[in-house]
Each structure stands twice: as C-alpha cells, then as structure tokens.
Amino acid sequence: MNRPSSWSPCAPARPGCRLSITRWWRAGAGLLLLTLTALCARAAGPKHVLILEPFEGDVAPFSVALSAFRTTLAREHGERLEFYEMTLDRARFQVPETEGPLVQFLETRIANRPMDLVVTTGGPGMDFAGRHHERLFPETPIVLIGGPPEAVQAGSLAGKATQVTVSMNLAGMVEDILQLQPQTTNIAVVFGASALETDTVEQCRREFERFTDRVAFSWLNQLPLEQILAECARLPPRSFILHGLFVVDAAGIPYARNEALRRLHQVANAPLFGYFASELGLGTIGGRLFQDAEVGAQAARAANRILRGERPGNIPPQMLAEPVPVYDWRELRRWNISEARLPAGSVIRFRQPDFWELYRWPISGAVSVCLLQAALIAGLLANRAKRKGAEERFRLAVEGSPNGMVLLNHQRRIVLVNTQAEMLFGYSRAELIGQDVEMLVPERFRRAHSGLVNDFFSAPQSSAMGARRELLGCRKDGTEFPVEIALNPIQSREGLLVLVAIADLTARRQAEKEAKELRGNLAHAGRVTVLGQLASALAHELSQPLGAILRNAETAEIMLQRPSPDLEELRSIVTDILRDDQRAGQVIDRLRSLLKRGSLDLQPIELSSVIAEVLSLVHADAAARHVKLTYSVAPGLPLVRGDRVHLQQVVLNLLVNAMDALESCAPQQRNLEVRAHRTDATACEVRVSDNGPGLPGDALERLFEPFFTTKAKGMGMGLAVSKTIIESHKGRLWAENRPAGGACFCFTLPVARG
Amino acid sequence: MQAQNGPGERLYVAVVDDDESVCRSFGRLLRTAGFQPVTYPSAELFLEDNKRPRFDCLVLDVQLEGMSGLELRDRLSAVKDSTPIIFITAHDNPTVRAEAEAAACAGYFRKTDPGALVLEAITRAVKPRTTN
C-alpha cells in the first residue's frame, strides 16, 4: 500500500525544507511511501533527482558521498529540487536475481514522475544502474560517484552518464602504513564479507603481493565481527590494522554508521589505518585518504551542469587529484609515531595544544614523590631500633629529598630538617631545631593548623594534608607561598614522631594560572565577542531576506484583493517567502553559535607583546605546517589603545588565514611575515604578509563582507569580525596583493595618548 | 493602484540590487502596482545594457558589489541623466544615510521599510516628469 503520510508544514527554522525529500522505505511485506513535502510542493516545475543508495542505513563512504552530493547540489543549483531516495540494500540483496521486486517497485514509482537526474555511488550502485537503466530511466542522465573509472566510457552507460571518481590506490594504503611504521611486520586486513568487499579483498591480495617479502598479511574478512575484534585485540608487536570497508560481516549482519570501525578502535592493540577521509577522527591514523565527501561535492557540480541543460556525454569523467595526506594527531601520539615520519605537506588534524597536559605529570608527580618519599623514610626510620647505622641512612635519605623535610616530635617541636626545608623557609638549621612547627605557618592560620596537627597526633595515619586545600607556608621574611604537605607517623623509642614532607607549589600554581589564561584566550580566539559590532553585520544579513519576504507578502496582499488572483504567481511567491525565511533562519543559526557576551576594554597596550603572544600560540602549528614565521618590530614602538584579547583574535585570525593560503605552496617556500611599525604620530601599523597565491581581484573587494569565504569549510565570518574589531578600535583593516606575489593584510591602531 | 504614463503606457522602473531575492520580490511588487520593472544584479550591468528603456525612476541598492549605488548616481549625473533615484539599503547607518541624502535622491529606504512608502515615493518622483 502506498500512501502519502506525514504532511508536514514547512517549519521555517529547519534547514533543508526548501527541498522536499521523498524516501521510499521498506515496511513489512508492503512498501510504504513516505512523502515529506512542503506546502509549496508541486509549484512551477522543480527538478526531480533520484538518489540510489547502494546500502541501507548510513554506510560510509557511500552515504558520506551522497549526502555531500545532496547538500552541494541544493546549494549550487539555487532552484527547487526534489530528491527521491531509494536504497538498493546491496548488503542483503547481493545477487542480481533477487533484484526483481526492487526493480518493479522502482518502475512503478518512476512511471508517473519522470526524473531529471539519477545519481548513484560505488561499484554496486553503478552495476545496478548499468543493468536496469534501459528499463527504468532510459532517457534520464546519470551521475556516478566513485567506482572504477572505466565504467562510463566502455559500458552501456556511455553517453548517458558522467562520473566523478577517485583513483583507488590500494597498494598506497600499505605504503602509507610503512611510511609511518617502517618496522611493521604484520598487517591485519579487516573487511566485511559482502560481494563488493570480497572483490576488493581479492584486488588487495593481488596488489599487496609486492610487500609480502617484508610484511605478513592476515586477512580478517571472512569472519563475524566479534571474532575480528578478538583477533585485533591480540595482535603481535609491530602490527598495524588496515580497515578497508565494513558493510556486512561474514555472519550476514550489516554494520552502518562506522560501527565496526568504532568497535575496532576500542579494542585494537595496534594502530588503525582507515582509507576514507570521513573516518578520520574516529580512530584511524590517517594517510592519503579517499575523499568521500569531496567526490560527492564535485559530482554535484557535474550534476548541476546537467540540470542546467548540458548533456552528460559532453561532461568528461573527472578524476580527483591525489589527496593531501591528513593525520590524526591524537592517534600519532597514542602510538608514538613521530611527526617527522609524515610525508612533506601533510596536514595534522585534532591537535590539542593543551598546556595542562604538559604540566599535569610534573605536578601530580611532585605530590606522589612527596608521599612516596615520606613513606620510604618512615619505613627506614621504623627499622632504626633493629639496625645499626639506620639513623645515619635515614638522615641521608631525608637530606637527599628534593622536597622540604621536617621531623617533629610528639611535642610538635622540630627535631630534624633537611637543606631543602632550610631553603624553602629561609631559616638555618640551627634556627629551626627545637622550635614549634607553627613558626612555619602564617600567623593567621596557626590556630587552625594547630588543631589539624593535634588531630593528626591523636589519630596518626599517612596523609596528604594539602591535598584538598591550599596550605600556605611562611618564610622567615614573612612572605607566604603555597605548599602541599604529606604527613607520616613514625613510632619510635622516643614516642610518636611525624615526618612532614613539604612541596613548594609556587611553580605549579603559576603553571596552572598560565594554563587557565591560555585556555581562556584560546577559547576566545576565533569567536565573536564584540556583540555591538556584530549586531550591524547581523542586521545587514537579515535585512535582505526579510526585505524580500516583506515585498513578496505585500505583493500577495495586493493580488489577493483582486477579483481573480493569479494562483501560479501566488504559489511562487509563497515558495520564495519560504526560501527567504529559511535563509534568514540560517543567518541566525550561524551567528547564534558565534555570539558571546563581551565588550571592548581599551587600554594602552604594547603591540609587540600582543603579537608575540599570538605567535607563541601558533608557533607549533606553523612548524607542523612547514610555515616559516618571521616577526619584526620597529624599535621604539609606542603603546596603542586596544583590547588585548580582541586584538589577539584579529592577529590570530590573520595568521591562520595566511597559513591556510600557504597550503598551496611547496613546504619549503611557505613564508609568513609579521611586521609592526609606526606610520605617523598617531598610528601604528601591523602587516601580515604571506607568499601564497594572493587574492583574486573580486575577492579583494568582498573579502570583508560577512559570510564571504574562499575556503571550502570557512564560515566567512573571520575577516568581517576582524574588521569590526579593528574599526571599533578606530583603526583600519585592509588587504592588498604584494607586487612580488602573495597577500598582505594590514591594520592600523591609534597610538595611546598621554 | 495605477502607475501609468498615459493610456496603456507603463512607467519603467529599474531595480539594481545584487541580492537576487530582493530584485525578484521588488520587481514583483512594482509589476503588481502597475509599473514595468527591469532588474539588474549590478550597476555595471545596468550601464552595459544598451537596450535599456528610458527609465522613469531608478531603485538602487546603496551597497552593491563593484560599483556602489552612490557611484552609479554620480556616473549618471555626470552625463546629465536626471532620472529620479530611490536608494534602498540593508545596512542603514547615519553615514550611509547622509551620503544618500547628499546625493539628492528622491527617497531613502531600508529594505525592511513598508513597500507602500517606497511605491509612494516612486509615484511622487515620477509625477513631475509625467506632467512635463
């Protein structure tokens, strides 16, 4: 039974409702047609696009390529499109003989609704299209994403289809692995067990042949997933796992949404290589990855040409260029693979420059060393009665400790100290011995401290006194410093003694403070903070769709007052209103994520230190991206009036943009220069220049508009925000092309008066 | 609403705006109000259009890609073209407003201002010409 269900009015805030998407589901014995159409459906001729998904559910890379295709086409086509999605479920229906009912169903669906374009992906989709296009859609142009490149020219699809694909370099996967770990001796090859996967494994076996003299391959494809996981959890040393494709396992269970990969990553005892770009971040290490989203996006561009009237036969099959190697920093670190091993020009993602990470071990180390030593010494001390000379050894151990050590008798008087303790507190040994320990505590805490010490004497056990709260020590000169204290009771002939180990936390607190500030700054960077400035960008972006909505509604109002309104025109008005409403919603969505409370705090500041701090932030990134950073500041630069955090945001943004632009240069030629100098009595100028490809003429003009971007993944807000920040400082930000090539971004700031 | 020069002769209004949606909706409103709109996505394309009719009024976006609405006005006045101009803007601020008003325009509106006001300004602007 087919019936339209779920008539959903177009909710304006939901992106995607400009397109009506129809998905055909299998439900029980019958097939249920689920249409999700907007109110505006069936207006003046939308184009119909049939998407044949090879597998049910969300199976990468196929679903990734198709969803990139859909999004890109919707965006670039600009007019209404209706997408019909149909799954071929090739995981379950692997042989052509079982396709009968599917083909019949598809035929009925298409009979009354001619398609303007059919798109499918991968070998399985391609085979299906090749077998059935004559019957199902003889006249409809076809776009193929991925798959063997020769399929279009040679097969029955010649002239009717175009293809965008990537050259499948299977041996390249092993090359990439050996590049990272040349000493690898075993590679576990993990694949699913569908026909497609089995074919691919056979191909791999042939292509990996040339590595068999240095690497043993274990082929884990004809196994249920559980068994594969068990194998991968106990691989011998010097192993690597190659995760190819996992659609369905040998037990016939299909796995969608990268489930197999995720589980593999959880248990694997060796690094994991995955071939598809969309898997990076899920635990694969990286390499020259198959650009599954990119191939879908490129295919959408070919599809758009077809929808605009070009013949598919006139669009030559396209092969994407060899990808830039990309790596997951976390995995490299996890498996201790040096970045020096990566091929030149590699991109490293997911880097976490976390200072806390750097300091955590020294910090917690100090505490545990402190406790450990106290326990060790206490142990030695306890043996004193039994061993001759133990006392001397004890003294030596105390003396050798990197922490301050103080031994107290039951009257809380100091009976022994080490040199560290003398240095920490500024007292000499003679001044300390025989004194009450309270002299080392700031006066205002003595009462509370005294209580704590008494508590300890009444119930002695090893503990870290400062573990939960900050204790302060007091030096001879009266200055205070943060300490962490460990106490250890020692039973001796003289009664209960307490060994106190004291760690100076000054450095740790300083590191924590710096880490916190740095995190704060990093969190700030790249985000919009100047609410007032942003409001004007927001008003501008919203005025366009809102103005258009208003004009359309006004027109409709006038038309509706007439005796016989033109319904067709009214329908297109409603369609346009819905589209503009959605556009406005997207503007708000994009900005909402950026908005943050904040105001400018203009102070006289040193421009050089602002820049230096940002440079220290990006230094590691620049090095990893082979960018040579130079910085020069003219002598005697005056203070400028500015907000440190916001200016850092601008400088950071310009540096990151420049580094992105330099990606297209050879690694040894990536130069980025920051210069600061005074232009006249009232202003300083900062110039950030790169030797990248420079800015195309039209970009120079539009660069600072909100949402203008030349980057595939850019938000297009960075420069617009930077400009508003600089302008709210009463400065100027502009871009120019350098005569010798490359771009230069410059900004001026007023000199602080007085 | 009537906007006719003489019997059967419609008044030509150009809309120059780089936002396609604004152009289309403005054109629609003008057509429904009885004008004959012609839309251009840029000032350059407006100038390049050799077959453009003798417009009775121009509706110009202030901030256009490339040549701005204000620059277009300057170009036109340099060749003694005195077609009345109405500026529209999505980026209303005092500077823009002052510049537009200094350009002696027949109207200055935000894109979100009521269309009736814009139509009224157009009608008012073309009247002196049509009565000539």
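None of these values were measured; they are calculated from a predicted model.

## So, the confidence of the model for chain A
Residues and elements named next belong to chain A.
Okay, step 1: Looking at chain A, pLDDT values average 78 and 78% of them are 70 or higher.
Okay, step 2: In this model residues 593–598 is a low-confidence stretch, pLDDT under 50, and it forms 16 contacts with partners more than four residues away in sequence or in other chains.
Okay, step 3: Confidence over residues 712–716 falls short of pLDDT 50; this stretch has nine contacts with residues more than four positions distant or in other chains.

## Structural notes on the interface of chain A and chain B
One frequently used descriptor of interface size is the decrease in accessible area upon assembly of the parts.
Okay, step 1: Chain A puts 26 residues into the contact, and the matching count from chain B is 22 residues.
Okay, step 2: Here chain A packs against chain B, burying approximately 2000 Å² in sum over the two surfaces, 47% of which is carbon and sulfur.
Okay, step 3: There are four salt bridges connecting chain A and chain B.
Okay, step 4: Note that aspartate 19 of chain B and arginine 583 of chain A form a salt bridge whose closest N and O atoms lie 2.3 Å from each other.
Okay, step 5: At 15 residues, helix 17 (residues 531–560) of chain A tops the list of elements feeding residues into the side of chain A that touches chain B.
Okay, step 6: Per-class residue counts for the side of chain A that touches chain B are seven nonpolar, eight polar and 11 charged.

## Focus: the sheet that holds strand 9 (residues 216–220) of chain A
Residue and element names in this part refer to chain A.
Okay, step 1: Taken together, four strands build an open sheet; the order of strands is 9-8-10-11 and the sheet is parallel. Taken across any chain shown, the strands that pair with only one partner, and hence form the sheet edges, are strand 9 and strand 11 (272–274). Averaged over all pairs of adjacent strands, the angle between strand axes in this sheet comes to 25°, irrespective of strand direction.
Okay, step 2: In this structure, strand 8 (residues 186–190) lies alongside strand 10 (residues 239–243), joined through five bridges in parallel fashion. Bridged to valine 190 within strand 10 is histidine 243.
Okay, step 3: Contacting strand 8, strand 9 and strand 10, helix 6 (residues 195–208) runs over the sheet at an angle of about 175° to strand 9.

## Points about the sheet that holds strand 6 (residues 85–89) of chain B
Residues and elements named next belong to chain B.
Okay, step 1: What the five strands build is an open sheet, ordered 4-3-5-6-7; its pairing is parallel. The sheet terminates laterally at strand 4 (36–40) and strand 7 (107–110), the two strands that pair on one side only. Direction aside, the axes of adjacent strands within the sheet are offset by 20° on average.
Okay, step 2: Sheet contacts for helix 1 (residues 20–32): strand 3 (12–16), strand 4, strand 5 (57–61) and strand 6; angle to strand 4, the most-contacted strand, approximately 170°.

## What about empty space enclosed by the protein?
Residue and element names in this part refer to chain A.
Okay, step 1: In this structure the tally under the stated criterion is five cavities of 30 Å³ or more.
Okay, step 2: Here the largest cavity defines a volume of roughly 90 Å³.
Okay, step 3: Along its surface, the largest cavity is lined by 13 residues, and Ala60, Phe246, Tyr255, Asn258 and Glu259 are the ones closest to its centre.
Okay, step 4: Top element by residues in the lining of the largest cavity is helix 8 (residues 259–267). It accounts for three residues.

Here is what the cut-offs are and how they apply
Residues numbered from 1 in each chain as written. Chains lettered and ligands numbered in written order. Predicted model: local features only at pLDDT ≥ 70, side-chain atom pairs only at ≥ 80, totals over all residues. Heavy atoms only, no water. pLDDT = per-residue confidence, 0-100. Contact = heavy atoms within 4.5 Å. Buried area = accessible area lost by both parts, 1.4 Å probe. Salt bridge = Lys/Arg side-chain N within 4 Å of Asp/Glu carboxyl O. Helix = DSSP H or I, 4+ residues; strand = E, 2+ residues; numbered from the N terminus. Nonpolar A, V, L, I, M, F, W, Y, C, P; charged D, E, K, R; others polar. Pairing = 2+ DSSP bridges. Axes fitted to C-alpha atoms, helices over the stretch in contact; angles between N-to-C directions. 1 Å grid on protein atoms, 1.4 Å probe; cavity = no way out; pocket = protein on both sides within 12 Å on 5 of 7 lines; lining within 4 Å. Points joined across faces, edges and corners; volume = space filled by probe spheres on them.

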